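# Overview (structure and organization)
In case you want the letters, here they are:
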Amino acid sequence: LISGTIPPLVGFIPSLKYVDYSNNDLTGTLPQTLGRFGLMTKIEYISAANNQFEGPIVTLGYPETTRHIDVSNNKNLEGGFPSFLLEYKALEYLDLSNTDFKGQLPQNIGDLKSLLYFGAKDSGLSGAIPSSLGNLGQVTQVDISKNSLSGSIPPALGMMNSLRVFQA
């Protein structure tokens, strides 16, 4: 297992397309250079799952190229839903499960039209399920279980023609 923190200089490698830090004992915050404050404009895949990262995520990946983000199983990642992710139109896989983000799912979560998988299980979410979730026409799996969500399941979810698994 690798331990310690991620050096910010990693985010200054412009040719980097794939970064997988998962299943280690890494700590600290995710460096802002792993996002827009770095040079990784070609990054497609970032996984930092199953570590000990903490704090909010300020930026991660690059809006035009990032297709996969997994920060699941980092119970000390906190703050609200990382709103910068709503600009990631190429994003196909997003896993925020088993974190401590808290707050509500954004009303415009349905803007992530390329999303195929969305996981936010046990991530401290509360409030209603946004009806815009039904705009995710390509998504095959949604797991928002083990949260404090309230209200009813929006009828718009019936428009999710590709959905195979829904857990709330």
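Up top is the structure.
Please read these numbers as outputs of a predicted model, since none were measured by experiment.

Taken in spatial order, the 7 strands line up as S2-S4-S6-S8-S9-S11-S13 in an open sheet, and their pairing is parallel. A single partner strand is all that each edge strand has here, and the edge strands are strand S2 (18-20) and strand S13 (165-167). Here the strands of the sheet are splayed against their neighbours by 10° on average, with no regard to which way each runs.

This paragraph deals with the side chain of Asn74. Considering the arrangement of structural elements, one finds Asn74 in the loop between strand S6 (68-70) and strand S7 (76-77). For Asn74, a relative accessible area of 0% translates into the label buried.

Judged by side-chain polarity, Leu9, Phe12 and Leu39 come together as a nonpolar surface patch covering roughly 300 Å² of accessible area. Given the relative accessible area of 36%, Phe12 is considered partly exposed.

With that settled, consider unusual backbone geometry. Trans peptide bonds make up the majority, and among non-glycine residues the majority have a negative phi. A positive phi is found at Asn50, a non-glycine position, where the angle reads about 60°. Mapping Asn50 onto the fold places it in the loop between strand S4 (45-47) and strand S5 (52-55). For Asn50, a relative accessible area of 30% translates into the label partly exposed. The backbone phi angle of Asn98 is positive, close to 55°, even though this residue is not glycine.

Another aspect to go through is the packing of aromatic side chains. Under the criterion given, the structure shown has 3 aromatic pairs. With a centroid separation of 4.2 Å and an interplanar angle of 10°, the aromatic rings of Tyr18 and Tyr45 are classed as stacked. Highlighted residues: Tyr18 in strand S2 and Tyr45 in strand S4, separated in sequence by 27 residues. Consider the rings of Tyr93 and Tyr117, whose centres lie 4.7 Å apart with planes at 15°: the pair is stacked. Here Tyr117 lies in strand S9 (residues 117-119) and Tyr93 lies in strand S8 (residues 93-95), a separation of 24 residues in the sequence. You can call Tyr93 partly exposed: its relative accessible area is 24%.

Counted by the stated rule, this structure contains 3 salt bridges. Across the pair Glu87 and Arg36 runs a salt bridge whose closest N-O atoms are separated by 2.5 Å. Of this pair, Glu87 sits in the loop between S7 and S8 while Arg36 sits in the loop between strand S3 (25-28) and S4, placing them 51 residues apart in sequence. Under the relative-accessibility criterion, Glu87 is labelled partly exposed at 42%. Exposure remark for Arg36: the relative accessible area of 35% places this residue in the partly exposed category.

Conventions adopted
Each chain has its residues counted from 1, running along the sequence as written. Restriction of local features to residues with pLDDT of at least 70 applies here, the model being predicted, together with a cutoff of 80 or more for giving and counting side-chain atom pairs; totals for whole chains, interfaces and linings are based on all residues. For side-chain calculations, the full set of non-hydrogen atoms in the structure is used, while hydrogens and water are omitted. One bridge is not enough; two strands pair if DSSP finds at least two bridges between them. Counting from the N terminus, the helices are the DSSP runs of H or I reaching at least four residues and the strands are the DSSP runs of E reaching at least two. Axis geometry follows a simple rule: fit a line to the C-alpha atoms, using only the stretch in contact for helices, then measure angles between N-to-C directions, giving values from 0 to 180 degrees. Exposed residues in this analysis have more than 50% of their type's maximum accessible area, buried residues have under 20%, and partly exposed residues fall in between, with area computed by a 1.4 Å probe over protein chains only. Like-charged residues are merged into a patch within 9 Å and nonpolar side chains (Val, Leu, Ile, Met, Phe, Trp, Tyr) within 5 Å, provided each residue has over 30% relative accessible area and no salt bridge. Using the Shrake-Rupley algorithm and a 1.4 Å probe, accessible areas are obtained, with residue cover drawn only from the displayed protein chains. Definition used for salt bridges: Asp or Glu carboxyl oxygen within 4 Å of a side-chain nitrogen of Lys or Arg. Note on aromatic pairs: the rings of Phe, Tyr and Trp (six-membered ring only in Trp) are paired at centre separations within 6.5 Å, and the planes decide the class, stacked below 30 degrees, edge-to-face beyond 60, tilted for the rest.

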